[in-house]
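# Chain and residue survey
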Amino acid sequence: MRKILHAAAALALAAAAVTTLGTTGAQAADGSWDGCPYGAVCIYGEGAPTSTPPTDVFWSYGAHNLQNKHGWHWVLNNQSGGAHAHLCLGYNGTNCNYDMPAQNGVWADLGPVNSITLDRP
């Protein structure tokens, strides 16, 4: 129980320290955003800027379990049509508590995050 509370507190702290990105001046003519293809959700390396290639690119709706993600990462939701992404404490898209609308990004501590979901609008 203590581990769950610690993880929830860590994610709440991460959410409080979130920096949200807009798309002003960031999208290329092909719709890519800092190397994240249009229609995808991307995770960048620990502490890496978005000027580096993403380490993970997710295309399909549903839950995607994360492995070996520690520390702070940029997560960009470059999906279309109002699709959302959620950061989740549990595997398989459970206990999600950070909602990221399309065309937004977040600087988040992925240590307590075990999955990310891509959700239809």
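Before reading further, recall that the structure is shown in the block above.
Let me begin by describing the structure that accompanies this report. (Residues numbered from 1 in each chain as written. Predicted model: local features only at pLDDT ≥ 70, side-chain atom pairs only at ≥ 80, totals over all residues. Heavy atoms only, no water.)

### Section: the sheet that holds strand 1 (residues 41-43)
Pairing in this open sheet of four strands is antiparallel, and the strands run 2-1-4-7 from one edge to the other. Unpaired on one side and paired on the other, strand 2 (56-58) and strand 7 (104-109) mark the two borders of the sheet. Averaged over all pairs of adjacent strands, the angle between strand axes in this sheet comes to 15 degrees, irrespective of strand direction. (Pairing = 2+ DSSP bridges. Helix = DSSP H or I, 4+ residues; strand = E, 2+ residues; numbered from the N terminus. Axes fitted to C-alpha atoms, helices over the stretch in contact; angles between N-to-C directions.)

### Describing the state of the cysteines
Think of a disulfide as a covalent bridge from one cysteine sulfur atom to another cysteine sulfur atom. Inspection of every chain in the model, using the stated rule, returns two disulfides. The disulfide bridge from Cys36 ends at Cys42, spanning 2.2 Å between sulfur atoms. Taking the torsion about the sulfur-sulfur bond, which here is approximately 85 degrees, the covalent link between Cys36 and Cys42 counts as right-handed. Assigned by exposure class, Cys36 and Cys42 land together as buried. The disulfide partner of Cys88 is Cys96, and the gap between their sulfur atoms is 1.9 Å. Looking down the S-S bond of the Cys88 and Cys96 bridge, the torsion is 85 degrees, so its handedness is right-handed. (Disulfide = S-S within 2.5 Å. Buried < 20%, exposed > 50% of the residue type's maximum accessible area, 1.4 Å probe, protein only.)

### Some details on the side chain of Asp109
Mapped onto the elements, Asp109 comes out in strand 7. One buried charge, Asp109, has no salt-bridge partner; the nearest side chain with opposite charge is Lys69, at 12 Å. (Lys, Arg positive; Asp, Glu negative; His and termini not counted. Salt bridge = Lys/Arg side-chain N within 4 Å of Asp/Glu carboxyl O.)

### A look at the pairing of strand 7
Counting buried residues in strand 7 gives five out of six residues, a clear majority hidden from the surface. Bridge analysis of strand 4 (residues 72-77) against strand 7 gives six bridges, and the strand direction is antiparallel. From the neighbouring strand, Leu76 faces strand 7, where its bridge partner is Gly105.

Remember, this is a structural readout, not a statement about activity or role.
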